[in-house]
Amino acid sequence: MSATPRNGALHALMTDFESPSQFMQACVKVRDAGYRHWDAHSPFPVHGMDDAMGIRGTRLPWIVLVGGITGFSAALLMQWWMNAVDYPYVISGKPLLGLPANFPVIFELTVLFSAFACFFGMWGLNGMPRWHHPLLANDRFRRASQDRFYVVIEARDPKFDSERTRAFLASLGGAVVEEVREIVEA
Amino acid sequence: MAHTHVPTLQDTRTTLDGLGPRVFGTSLAIGVVGMLAAFGLGSAQGDNLKQFAFAYVLNFAFFLGVSLGALIFIGIMYVTRASWNVVIRRLAEVMAAVTPLLALLAIPVILLAGRVYGWMDPAIAHSHAMAHKVGYLNQGAFTLRWAIYFIVWSGYSLFYWRSSVAQDKTGDLKITRRFENLSGFALMATAICTALASFDLVMSIDPLWSSTMFGVYYFSGSFVSFFAVLTLVTMGLQNSGRLTRIVSAEHFHDYGKLMFGFTFFWGYIAYSQYMLYWYANIPEETAWYLMRSTHGWGKVGLATLFCTFALPFCGLVSRWAKRNRKVMAFWAMWIIVAQWLNLYWVIMPEYSEHAMFSPAAVALFLGIGGLWFAGVTRLAMGNSLVPTRDPRLDESLRFENA
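All residue numbers here refer to positions counted from 1 along the written sequence of the relevant chain. All chains are assigned letters beginning at A, and all ligands numbers beginning at 1, according to the order in which they are written. Local features in this predicted model are restricted to residues whose pLDDT is 70 or higher, and side-chain atom pairs enter the listing and the counts only when it is 80 or higher, whereas totals over whole chains, interfaces and linings include all residues. Processing note: side-chain calculations cover all non-hydrogen atoms of the structure and skip hydrogens and water entirely.

> Tell me about the overall build of chain A, residues and numbers included.
For chain A, the helix and strand inventory stands at five helices and four strands. Its helices and strands in sequence order give chain A the pattern β-α-β-α-α-α-β-α-β, from N to C terminus. Throughout, radius of gyration means the C-alpha value; the globule benchmark is 2.2 Å times the number of residues raised to the power 0.38. Relative to its length of 186 residues, chain A is extended, with a C-alpha radius of gyration of 25 Å against a globular reference of 16 Å. With 186 residues in all, chain A has 32% of them scored as buried. We call two residues in contact when some of their heavy atoms are within 4.5 Å. Long-range contacts, defined here as pairs at least 24 residues apart, represent 78% of the contacts in chain A between residues at least 6 apart. In these tables, accessible area is a Shrake-Rupley quantity obtained with a 1.4 Å probe, and a residue counts as shielded only by the protein chains included in the view. When the accessible surface of chain A is totalled, it reaches about 11,500 Å², and 61% of it is carbon and sulfur. Charged residues are defined here as Lys and Arg on the positive side and Asp and Glu on the negative side; His and the ends of the chain fall outside this count. A charge is said to be at NZ when it belongs to Lys, at CZ for Arg, at CG for Asp and at CD for Glu. Averaging the positions of the 17 positive and the 18 negative side-chain charges in chain A gives two centres separated by 2 Å. Segments assigned H or I by DSSP are reported as helices when at least four residues long, segments assigned E as strands when at least two residues long, and all are numbered from the N terminus. Summary of the burial criterion: residues with accessible area below 20% of their type's maximum are buried, those above 50% are exposed, and those between are partly exposed, where the area comes from a 1.4 Å probe applied to protein chains only.

> Give me the overall build of chain B: which residues, what numbers.
Of the regular secondary structure elements, chain B holds 16 helices and zero strands. For 402 residues, the compact-globule estimate of 2.2 N^0.38 gives 21 Å, and the C-alpha radius of gyration of chain B, at 21 Å, lies within 12% of that figure. Taken over the C-alpha atoms alone, chain B extends approximately 70 × 40 × 40 Å along its principal axes. Out of the 402 residues in chain B, the part that is buried amounts to 56%. Accessible surface computed for chain B: about 16,600 Å², of which carbon and sulfur atoms make up 69%. Looking at chain B, you have 28 positive and 20 negative side-chain charges, and the mean spots of the two groups are 7 Å apart.

> Go over helix α4 (residues 99–125) of chain A with me, naming the residues and quoting the values.
With 27 residues, α4(A) ought to run about 39 Å at 1.5 Å a step, and its terminal C-alpha atoms sit 36 Å apart, in line with that. Looking at α4(A), one finds that the buried residues are A:Pro100, A:Asn102, A:Ile106, A:Leu109, A:Thr110, A:Ser114, A:Ala117 and A:Gly121. Elements that come into contact with the buried residues of α4(A) comprise α3 (60–86) of chain A together with α10 (249–280) of chain B. Looking one or two places after α4(A), you find A:Gly127, whose phi comes out positive at around 70°. Helix span is expected to be 1.5 Å times the residue number reduced by one.

> Tell me about the domain arrangement of chain A, and please be specific about residues and values.
The accessible area lost on association of the parts is a frequent measure of interface size. Residue ranges for the domains originate in an automatic or database domain assignment. Here chain A is partitioned into domain 1 (10–57 + 134–181) and domain 2 (60–126). If you average the C-alpha positions of domain 1 of chain A and of domain 2 of chain A, the two centres end up 44 Å apart.

> Before we move on, could you go through a nonpolar patch on the surface and cite the residues and values that matter?
Residues and elements named next belong to chain A. Each patch groups residues whose relative accessible area exceeds 30% and which form no salt bridge, using 9 Å between like charges and 5 Å between nonpolar side chains of Val, Leu, Ile, Met, Phe, Trp and Tyr. In the sections that follow, a salt bridge refers to a side-chain nitrogen of Lys or Arg positioned within 4 Å of a carboxyl oxygen of Asp or Glu. On the surface, a nonpolar cluster with roughly 710 Å² of combined accessible area is contributed by Leu77, Met78, Trp80, Trp81, Met82, Val85, Leu97 and Val105. Of all the elements, α3 adds the most residues to the nonpolar patch, at six residues. Within the secondary structure, tryptophan 80 sits in helix α3.

> Account for the sheet that holds strand β2 (residues 38–41) of chain A, with residues named and values stated.
Residues and elements named next belong to chain A. Taken together, the four strands give an open sheet; going across it, the order is β2-β3-β1-β4, and neighbouring strands pair in antiparallel fashion. Across the chains shown, the open sheet's two edge strands, defined by having one partner strand only, are β2 and β4 (177–181). Geometrically, the sheet is characterised by an average inter-axis angle of 25° between neighbouring strands, direction not taken into account. Sheet analysis places β2 next to strand β3 (residues 149–154), joined by four bridges and oriented antiparallel. Looking at β3, one finds that tryptophan 38 is bridged to isoleucine 153. Axis definition: a line fitted to C-alpha atoms, limited for helices to the stretch in contact. Angles are taken between N-to-C directions and run from 0 to 180 degrees. Across the sheet, helix α1 (residues 20–32) is in contact with β1 (10–17), β2 and β3; its angle to β3 comes to roughly 20°. The sheet strands contacting helix α5 (residues 162–171) are β1, β3 and β4, and the helix crosses β1 at an angle near 10°. Only when DSSP finds a minimum of two bridges between them are two strands counted as paired.

Have a look at this one:
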């Protein structure tokens, strides 16, 4: 059934492993070899993978913090402007800007904006949305959701050299080294 | 795994041998000296021990809360079949299992009730507003309820601790299964008793005021205090060369998450209780807050708002803070002081209309705290500090935060 065009430019080189421990050792070697644009794919989370891949902490919390502060300030400003400035209106004898009454809205908008910042910030950091990815057109890669563990080094990595990287991947002890091609529109 | 070495119980010391008697003796001495000092300071007031009684209720409420937090924590861990906590669960078990000692420490509360509780004052008890409450708020019913609370709490906490210690020897999996089946009931019974006890112990000081949220208000503060105490106890043991390696930054990260989460929960509850009364503005309800926002108590209240909620919230929000031992130790100590200050703000205005500092309250913190800690240490001696044959111990040792 595979009618996938494979004649695009080289996107990446890929190798696969049968066990998580081989896979993790391979990741440590790729990390130590100094590659930057590479990834590891497994059917389930492998504990210790962040360290093995040398992944640094995410910037997402800072994005969420900004979102939260924005929500907090927006809610406070909105209520101050609406109820105390633009249309002053006394409700059950409370001050025009009565903080205890304002906090539910402040709380809700803080949570809402933080959640949006978290959700969409995660999209942005992960390069989403995107409709397709060259790996998804690769038949061999299908077992990434079942029982295989993949190490993929992308061609855009500054250290990438098709011959040397191929030899390096082969030395990791995986089954085969396979080329992943860019998808070309028919 | 090639790069990760899963620690085992052989990598560290898991008993109090060599440390227990010393800590027990020191705590006991601090407790006794603190009690005597508080009694001396209280007597010197010349107010028929009234300030002493209020200070006693304050500190009893604080340490009772820590033990109840431990008991509720254990229940939640079994109901959710959590595994991360197993390596530190014995510490919670001994903190909960001192409830019989707290039952002894409750006797002065009952004896001193006349100096603290409004419903003991005949003028208030016979007032029209109390007509429907005197059947519940009287010394006989008060004493009976405390007996029931302690039967429930001690029953469950001793059951957890004894069975868990027994499992160290037999490795019987049925024990874990029994815990899982019974913890739901344990949580319900403990929660009801904790809420009612908070009404009796703290809220009924002013019997004319009531808040249906008061139980969860007391619980949420106590739960934060429990995690703070647990953090410091774990660090103390590690500094003495015990539980090192097996309790890792991953476990401290979870302590931090729980401290952070329940700090926020406390703030949410405290605010909700305040906001509803502020908004409805009914005199009999706002009287309680009026008393706590005038004559200098307002500043104390504002201090607790920041110290108990806003500052630890900001301090613990980051992942880095939760995984940093020094930062965690700082906030754990801070939270204990802040939660204590909050109870001070809740209880002491009923003693003095004007904001005041009570040295007896500080002495009793050491007095009741010392005795409480001596009890905890005594229970921890002789057994492993880790439930060695819990079926989830291995998962707990391997635990990593996602």
